[in-house]
Amino acid sequence: MADVAIRQRDNASVRQTLSSTPKTRILVAGASGAIGRRLCRMLVDDGWSVAGTTRSTDKASMLLDLGVEPVIVDVFDAPSLLGIVRKAQPDIVIHQLTDLPPALAPEKMAEARIRNARIREIGTRNLVAAAIAAGVKRMVAQSIAFAYAPGPKPYREDAPLNLDDPDIGLSARAVASLERQVLTAPFEGIVLRYGKLYGPGTGFDRPPGDGPLHVDAAADAARRAATRGESGVYNIAEADGTVSSDKAVDTFDWNPDFRLGEAER
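Residues numbered from 1 in each chain as written. Predicted model: local features only at pLDDT ≥ 70, side-chain atom pairs only at ≥ 80, totals over all residues. Heavy atoms only, no water.

Enquirer: Sorry, what's going on with helix H6 (residues 169–184) here?
Expert: Counting along an α-helix, one turn takes 3.6 residues, and residues three or four places apart therefore face a common direction. Taking 1.5 Å as the rise per residue, H6 with 16 residues should run 22 Å; its terminal C-alpha atoms sit 22 Å apart, in good agreement. Turning to H6, its buried residues are Gly 169, Ser 171, Ala 172, Ala 174, Val 175, Ala 176, Ser 177, Leu 178, Glu 179, Gln 181 and Val 182. Along its buried surface, H6 packs onto strand S4 (92–95), helix H5 (109–133), strand S5 (138–144), strand S6 (188–194) and strand S9 (232–236). (Helix = DSSP H or I, 4+ residues; strand = E, 2+ residues; numbered from the N terminus. Expected span 1.5 Å × (residues − 1). Buried < 20%, exposed > 50% of the residue type's maximum accessible area, 1.4 Å probe, protein only. Contact = heavy atoms within 4.5 Å.)

Enquirer: Mind showing me how you'd approach H5 here?
Expert: The end-to-end C-alpha distance of H5 is 34 Å, a good match for the 36 Å that 25 residues give at a rise of 1.5 Å each. Where H5 bends most, the angle comes to about 30°, and this point is Gly 123. Looking one or two residues past H5, Gly 135 carries a phi angle of roughly 75°, positive in sign. (Bend = angle between axes of the 7 residues up to and from the residue.)

Enquirer: Which parts of the structure should I look at to understand the sheet that holds S5?
Expert: What links the strands of a sheet is backbone hydrogen bonding, and the strands pair in either a parallel or an antiparallel sense. If you trace the seven strands from one edge of the open sheet to the other, you get S3-S2-S1-S4-S5-S6-S9, paired in parallel fashion. Each end of this open sheet is capped by a strand with a single partner; those strands are strand S3 (69–72) and S9. The sheet shows a mean angle of 20° between the axes of neighbouring strands, direction not considered. The pairing of strand S1 (residues 25–29) with S4 spans four bridges and is parallel. (Pairing = 2+ DSSP bridges. Axes fitted to C-alpha atoms, helices over the stretch in contact; angles between N-to-C directions.)

Enquirer: In this structure, what is going on with the packing of H5 against H6? I would like to understand it.
Expert: Any two packed helices are characterised by the angle at which their axes cross and by the distance between the axes. Close contact between H5 and H6 brings their axes to 9 Å; oriented N to C, the two are set at 10°. By the criterion of interaxial angle, the relationship of H5 to H6 is roughly parallel. Facing H5, whose interface residues are Arg 113, Ile 114, Ala 117, Arg 120, Glu 121, Thr 124, Arg 125 and Val 128, H6 presents Leu 170, Ser 171, Ala 174, Val 175, Ser 177, Leu 178, Gln 181 and Val 182. (Parallel < 35°, antiparallel > 145°, perpendicular 65-115°, else oblique.)

Just geometry here; none of it tells us what the structure is for.
Following this line, the structure appears as structure tokens:
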């Protein structure tokens, strides 16, 4: 209990620092992804100095066009990642790393789930270690809101994950590892459990199923979580009765109907 009290005081100090100092430096890991691209645009427009990681040299120019300092790195290369995060000196890291095929192509998803689980476990481990070494104050990390065990709906953040399910268990265990790593690190950790994405860059023009989430609203939630909220887990999805995002709405003043204007796309 003493450790919890100390962490609560530390977290309160971090929140005060973030709210009382000018916007400075953010590192977006996975900046060239569907959410990352839109998030980077928002952060730059808000006045942040943004560095963004990508594995692809081809995507570096796109990040430059957004006003982002591109950093080419593989999250599994722990020494290189450590050096890059230390050099970037971010106050905040936003973890948007995934490895999924366009439109979640069914014929590619079996292998993609394995790759994505590896990013969530090992990639997160490397990113958290680098963030700690660089003195990062806060990390916002992407998780999923469609890995809950069957139970009463709408699912809230304290509902159990479906860890033993033969289909979704691998993903559920991987996000459980990601969440545990982020929430137990010595910085303020915010986990956003995203619903099923749709919108530009996702491969889905319309809501794909229960608990949908437009990519613009997903990016806006991460932008808001960069400076708001206590350590913890937050559902981020539209209110269709599948999951409750009341906590995020109350904490971040988040609106699932948020969309970028045409000129910003």
